[in-house]
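Residue-level structural notes
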Amino acid sequence: MRLIRNALVQCLAVLLLALAVLLAVRPPIPASLLTFYLAVIGVGLGVYITATTERMESFWRPLHALLILDRLRPARWGVLLALPVLAAGQTAWSLLPTRQAPATLRVIHPAPPTQIRFEGRSINLREARNPLRAAKASEPRAFAAHVETGRRVYYQNCFQCHGDNLAGDGPFAHAFNPRPANFQDLGTIAQLQESYLFWRIAKGGPGLPPESAPGRSAMPRWEGRLSEEEIWAVILFLYEMTGHPPRTWD
Amino acid sequence: MPSHIQPCAPTWCDRGSLLHVAAVGAGLILAASASWAQPAPREHPGRPIYRDHCLQCHGAEGDGHGDAFDATFPKPRDFTSGLFKFRTTDSGEHPTLGNLQRIIAEGMPGTSMPAWAQVLGPQRIAQVAAYVQGFYVQGGAPPPVERQVPPAPPPTREAIARGRLLYERLECARCHGRAGRGDGNSAMTLKEDWTGGPIYPRDLTAGWRFRGGRRPEDLYRTILFGLNGTPMPAHNEEKALAQEQARWDLVHYLRSLGPDTEPEVKSTLVARRVDGEIPLDPDHALWERAEPFYVPLAAQVIVEPRLFQPSVRYLLVRALHNAAEIGLRVEWVDPTSRDNEALREALRKAEQDGRRRPGDPLPVDELAIQFPLRHAARGDLPYFLMGRPGQPVRLWVWRSDAAEVIRAEALRFGAWRALADAAGLTSRLVYQDGLYVLTLKRPRITDAPAGIQFPSEPGMVPISFSVADGFKGEGGARRAIATWYTLMLERPPEARLFILPLLVAALVGAAEMLVLRRTRARARRGTPGEPREEAAT
């Protein structure tokens, strides 16, 4: 119990815990961000320690003991030797030539424009709703037919990249970076409105804003190849097959 | 084809057999996996699985005419033909239920046929396999005799050497080529039985794309029983393969031709630093220093005219640099080239059939290496399909009808204009046994107008590739494409790599000593832990 009340022990425990959590997060946090998070936690701990004199003292007491008590001599020299070695190692590591170009930062779901022109007609993305969805409640047969149309569109045009099972793992997927979107994943269509999908499908990679690296995206632009109705149908198909509900405006 | 094979789609062949439906009823799962030739009623438990997962490719009638038909090569299998490639049964026979389950569970790598093990699980795979069987088997037909595949012995160097002799003796090279790259003399003249369309022998050096699996037992089965519906013959009657050992020798030789797992895809192509001159000889020992960089290729399905099945599936790229030059070595498998026998024989055949006139130009193969003309360190890049207006790319283009690699500016995807100035770019091409190896090098700095510069390490120049196999009708926008990668020049070894860490260690050590001495001195004076104002010494 006394151990837990010691400020140094508390600080070390918090740091180790934070490190364990940060390292466990998938996908892995980039090294630069990790350093930043740890620095923030470090500052917080500094404030915590310096807040009262007792805490300061409790923090320094074990360190002080390590430096002066004779019975701690082996531990003392162990620590004093380990620190320069660690520092040298860290320096050498940071100087080693990297074999990996820095990852390109890219906004995956940029804000859509409010208005797009599709085949000469303008479509307001804020107001646009999937016109085929209404049939879901009222005309189940017509709705099923729309989903079938979407299925046909998908397997004639999309599955090569987005995968037979909509998981972003089609036969061509690994040749592209960024990889084709995985629609089963909760981070893609489950978070987006249907009109957003309409924009991304109609305008493709080339329609992305600069912060989303349009030059790298292999997503084709389907305007001119798919009709407006076919695009809405394939959007229905994506949501029906994955079971995700589309995000709505309200 | 054995006479008992009758096309029979489950939608009509059992109409009216209500009695049967009732009899099969609940116990069908068991029955289906235990017995052969279970007709498929409308209530078949495999039917909804087939409708949800297979119909889009294999079609409602099982004839392969699903929605994906036009966008797929090879075409989805027509089950009503009863012809299946991967079987442990004699040539011409049906597969066993177990054979169907295996191929459904593991898929066919390199084609659009997915692996279903994760999605469906064993029980539903058994159900849908039984349903697939219903497309070609009528009740009462005797089940095919299953042949056993014994466990594989471990490979040895001697076994591989003996296998090599068998490969020559059995004339596998007639189709698969001497080195196994699918460039045999008759390779481009083969036909499959479903549509009568062309079929090409497998590249045996890329084991991760064996459609029937890459384990020794899979190869044993393919060699012994052949692939129905294709020219790949069965060899179980072959005298040279009468002994169990000889069969495994051949299997081990095939497996020694290349890796059986797909190489890792990385994003950074590192150009190793060397002291000597960059060699144009592709076999020069210096190239061994550079790690092969794997570039998978996809078909260009983005702009018209599109391509659905690329002939060339990957490149291996190596890069080197020294103080003055940068060099690349790119290799790729293409079974046809200007002066190889596979192409000549295919063209002769085409002339006989009237599909080609004597004197028509030869098909042209191409490789284009692409760099952005301008790019910010972290910003966006030109469109990866050869840029777009305002965001141009430069190309280094090799064509099989030109002597040297040219520098070019891209106009749009698949079209370019040659630049007059070669900027010191030199190259050499070697083609042998189905493999192109192109080496090229250039001074790192050029004063040619609008040239790509590699001034300093690590450089970080974006790079991409595209390839066309002329014989397969590729060229222009119909080509195999890759994404952007980063070419990075390795730093030469530096003195500071050794000096700086020592310096840091010394500094840290000195600081420690200072703290230690002051703390202990204070402790002796009897005020532990109390910081006291003292002039620094």
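The structure under discussion appears in the preceding block.
To start, this report covers the structure provided alongside it. Bear in mind that the values here come from a model prediction, so they are computed numbers and not experimental data.

Residue and element names in this part refer to chain B. Following both chains from N to C, one finds helix 4 (residues 46-53) and helix 7 (residues 117-133) inclined at 100°, their axes separated by 8 Å at the closest point. Comparing the axis directions of helix 4 and helix 7 gives the class roughly perpendicular. Of the residues in helix 7, those in contact with Gly 46, Arg 47, Ile 49, Tyr 50 and His 53 of helix 4 are Val 119, Leu 120, Arg 124, Gln 127, Val 128, Tyr 131 and Val 132. A breakdown of the residues in the contact of helix 4 with helix 7 according to their chemical character gives 7 nonpolar, 3 polar and 2 charged.

This brings us to the packing of aromatic side chains. Following the criterion strictly, the structure yields 29 aromatic pairs over all chains and no others. Look at A:Phe118 and A:Phe198: their rings are 5.2 Å apart centre to centre, the planes differ by 65°, and that puts the pair in the edge-to-face class. Here A:Phe198 lies in helix 9 (residues 194-203) and A:Phe118 lies in strand 1 (residues 115-118), a separation of 80 residues in the sequence. Per residue, the accessibility class of A:Phe118 equals that of A:Phe198, and both read buried. The rings of B:Tyr50, B:Phe79, B:Phe84, B:Tyr131, B:Phe135 and B:Tyr136 are connected pair by pair, giving a single aromatic cluster.

Here we take up the interface of chain A and chain B. It is common to give the size of an interface as the accessible area lost on bringing the parts into contact. Listed by partner, the interface residues are 51 residues for chain A and 66 residues for chain B. Across the chain A to chain B interface the summed buried area is about 5000 Å²; carbon plus sulfur atoms make up 60%. Its largest share of buried area at the contact with chain B, chain A owes to A:Leu95, A:Arg99 and A:Phe172, together 13% of the area lost on that side. Run the count over chain A and chain B and you get 2 salt bridges. Between B:Arg520 and A:Asp70 there is a salt bridge; the shortest N-O distance is 4.0 Å. Between the two partners, chain A and chain B, sit 11 residue pairs in polar contact (both at pLDDT 80 or more). Those elements giving two or more residues to the side of chain A that touches chain B turn out to be helix 4 (53-68), helix 5 (73-95), helix 7 (140-157) and helix 8 (159-162) of chain A. For the side of chain A that touches chain B, the element with the highest residue contribution is helix 5 of chain A, accounting for 11 residues. Partitioning the side of chain A that touches chain B into residue classes produces 31 nonpolar, 12 polar and 8 charged.

All right, on to the side chain of B:Arg87 then. Residues and elements named next belong to chain B. One can find Arg 87 in the loop between helix 5 (55-58) and helix 6 (97-106). Buried and unpaired, Arg 87 has Asp 90 as its nearest opposite-charge partner, separated by 6.9 Å. Within polar-contact distance, the side chain of Arg 87 engages the backbone oxygen of Gly 226 at 3.3 Å. With residues up to four places along the chain from it excluded, the contact list for Arg 87 reads Gly 92, Glu 93, His 94, Pro 95, Asn 99, Arg 221, Phe 225, Gly 226, Leu 227 and Asn 228.

Residue and element names in this part refer to chain B. By the criterion of burial, strand 5 (residues 325-333) is predominantly enclosed, with 9 of the 9 residues buried. Side chains of strand 5 alternate between two faces, with Glu 325, Gly 327, Arg 329, Glu 331 and Val 333 and Ile 326, Leu 328, Val 330 and Trp 332 buried alike. The pairing of strand 4 (residues 314-321) with strand 5 spans 6 bridges and is classified as antiparallel. Counted as the bridge partner of Ala 319 is Leu 328 from strand 5. The antiparallel hairpin formed by strand 4 and strand 5 contains 3 residues in its connecting segment. With 9 bridges connecting them, strand 5 and strand 11 (residues 435-443) associate as antiparallel partners. Bridge pairing in strand 11 places Glu 325 opposite Pro 443.

All right, on to the nonpolar core then. Grouped together as the largest cluster of nonpolar side chains are 38 residues, with contacts concentrated most on A:Tyr154, A:Leu197, A:Phe198, A:Ile231, A:Ile235 and A:Leu238. For this core, the elements supplying multiple residues, two or more each, are strand 1, helix 7, helix 9 and helix 10 (228-242) of chain A. It is helix 10 of chain A that contributes the most residues to this core, 9 residues altogether. Setting aside its immediate chain neighbours within four residues, A:Ile235 contacts A:Asn130, A:Glu194, A:Leu197, A:Phe198 and A:Ile201. B:Val295, B:Val312, B:Val317 and B:Ile369 belong to the second largest nonpolar core, which has 35 residues in total.

Parameters and conventions
Residues numbered from 1 in each chain as written. Chains lettered and ligands numbered in written order. Predicted model: local features only at pLDDT ≥ 70, side-chain atom pairs only at ≥ 80, totals over all residues. Heavy atoms only, no water. Axes fitted to C-alpha atoms, helices over the stretch in contact; angles between N-to-C directions. Helix = DSSP H or I, 4+ residues; strand = E, 2+ residues; numbered from the N terminus. Parallel < 35°, antiparallel > 145°, perpendicular 65-115°, else oblique. Contact = heavy atoms within 4.5 Å. Nonpolar A, V, L, I, M, F, W, Y, C, P; charged D, E, K, R; others polar. Phe/Tyr/Trp six-rings, centres within 6.5 Å; stacked < 30°, edge-to-face > 60°. Buried < 20%, exposed > 50% of the residue type's maximum accessible area, 1.4 Å probe, protein only. Buried area = accessible area lost by both parts, 1.4 Å probe. Salt bridge = Lys/Arg side-chain N within 4 Å of Asp/Glu carboxyl O. Polar contact = N/O pair within 3.5 Å; in protein donor to acceptor, adjacent residues only side chain to side chain. Lys, Arg positive; Asp, Glu negative; His and termini not counted. Pairing = 2+ DSSP bridges. Core = buried A, V, L, I, M, F, W, Y, C linked by side-chain atoms within 4.5 Å.

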